[in-house]
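Here is what each chain is made of, one letter per residue.
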Amino acid sequence: MTISVGDRLPSVTLTKVTADGRDQVSSDDYFKGRKVALFSVPGAFTPTCSAKHLPGYVEKAEELKAKGVDEIACTAVNDAFVMGAWSKANNASAITMLADGNASFAEAVGLTMDGTKFGMGMRGQRYSMVVNDGVVEQLNVEAPGDFNVSSAEHMLSEL
């Protein structure tokens, strides 16, 4: 079942990429007590994700924070090392990278996609959400192949 606006995020473990490496973090702890703009990409270093999705959030980070967002996070079904390298390659220090290497978060929120025909296996769908104290306030799931409603610009227009 896909998560909906008003639902509490499921409790799973993610890997937070830090300047010192990586830290295991529970979703309960990470989202507790703050407003987080979360976006999901099918994969780090993939074309749309690298050319549009991540750069949009990097560019709009201050505007999102001015609208009450405490933190901006990106999740993908990649390992923490790949997410860290992608962050560095894109000067994305304003974005917290949350690696979902085993797709446990993507599966728990019901937003997986089958990328096997592209050699990518199971991945997270492209989406964005605003999470306030662990509860989904806004959810924008893209149609397959699209990039519109999960953009930073769209999220800003909805805040």
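The structure under discussion appears in the preceding block.
Please read all numbers here as calculations on a predicted model, not as lab measurements. (Residues numbered from 1 in each chain as written. Predicted model: local features only at pLDDT ≥ 70, side-chain atom pairs only at ≥ 80, totals over all residues. Heavy atoms only, no water.)

> Tell me about the pairing of strand S9 (residues 135-141), and please be specific about residues and values.
Sheet topology places strand S8 (residues 127-132) next to S9; six bridges connect them, and they run antiparallel. Within S9, the position partnered with Val130 by the bridge is Gln138. In sequence, S8 turns back onto S9 through a hairpin of two residues, with Asp133 there showing a positive phi of about 55°. (Pairing = 2+ DSSP bridges. Helix = DSSP H or I, 4+ residues; strand = E, 2+ residues; numbered from the N terminus.)

> Any details on the sheet that holds strand S1 (residues 13-18)? Residues and values, ideally.
Across the sheet, which stays open at both edges, the seven strands sit in the order S2-S1-S5-S4-S3-S8-S9 with mixed pairing between neighbours. In this open sheet, the two edge strands, each paired with only one partner strand, are strand S2 (21-26) and S9. Here the strands of the sheet are splayed against their neighbours by 25° on average, with no regard to which way each runs. Relative to S8, strand S3 (residues 35-40) runs antiparallel, the two sharing six bridges. The partner of Lys35 across the bridge, within S8, is Asn132. Here helix H2 (residues 47-59) sits on the sheet and contacts S3, strand S4 (71-76), strand S5 (96-99) and S8; the angle it forms with S3, its principal contact strand, is near 160°. (Axes fitted to C-alpha atoms, helices over the stretch in contact; angles between N-to-C directions. Contact = heavy atoms within 4.5 Å.)

> Give a detailed account of the packing of aromatic side chains, specifying residues and quantitative values.
Taken as a whole, this structure holds two aromatic pairs when the rule is applied. The positively charged end of Arg34 is found above the aromatic ring belonging to Tyr30, 4.4 Å away from the centroid. (Phe/Tyr/Trp six-rings, centres within 6.5 Å; stacked < 30°, edge-to-face > 60°. Lys NZ or Arg CZ within 6 Å of the ring centre and 35° of its normal.)

> How would you sum up the nonpolar core? Please name residues and give values.
Counting residues in hydrophobic clusters, the biggest one holds 25 residues, and the most contacted among them are Ile72, Met83, Trp86, Ile95 and Met97. For this core, the elements supplying multiple residues, two or more each, are S3, H2, helix H3 (61-66), S4, helix H4 (80-89), S5 and helix H6 (152-158). Among all residues touching Ile95, those that are not within four sequence positions of it are Phe39, Leu54, Tyr57, Val58, Ile72, Ala73 and Cys74. Counting residues in each nonpolar core, the second largest holds 18 residues, with Leu14, Tyr127, Val131 and Val136 among its members. (Core = buried A, V, L, I, M, F, W, Y, C linked by side-chain atoms within 4.5 Å. Buried < 20%, exposed > 50% of the residue type's maximum accessible area, 1.4 Å probe, protein only.)

> I'd love a proper account of the side chain of Asp100, names of residues and values included.
Inspection of the secondary structure puts Asp100 in the loop between S5 and helix H5 (104-108). No salt bridge is formed by the buried Asp100; its nearest oppositely charged neighbour, Arg123, is found at 9.8 Å. Only 3.0 Å separates the side chain of Asp100 from the backbone nitrogen of Ser104, close enough to count as a polar contact. If we ignore the near neighbours within four places in the chain, the residues touching Asp100 are Leu14, Thr75, Ala76, Val77, Asn78, Phe105 and Ala106. (Lys, Arg positive; Asp, Glu negative; His and termini not counted. Salt bridge = Lys/Arg side-chain N within 4 Å of Asp/Glu carboxyl O. Polar contact = N/O pair within 3.5 Å; in protein donor to acceptor, adjacent residues only side chain to side chain.)

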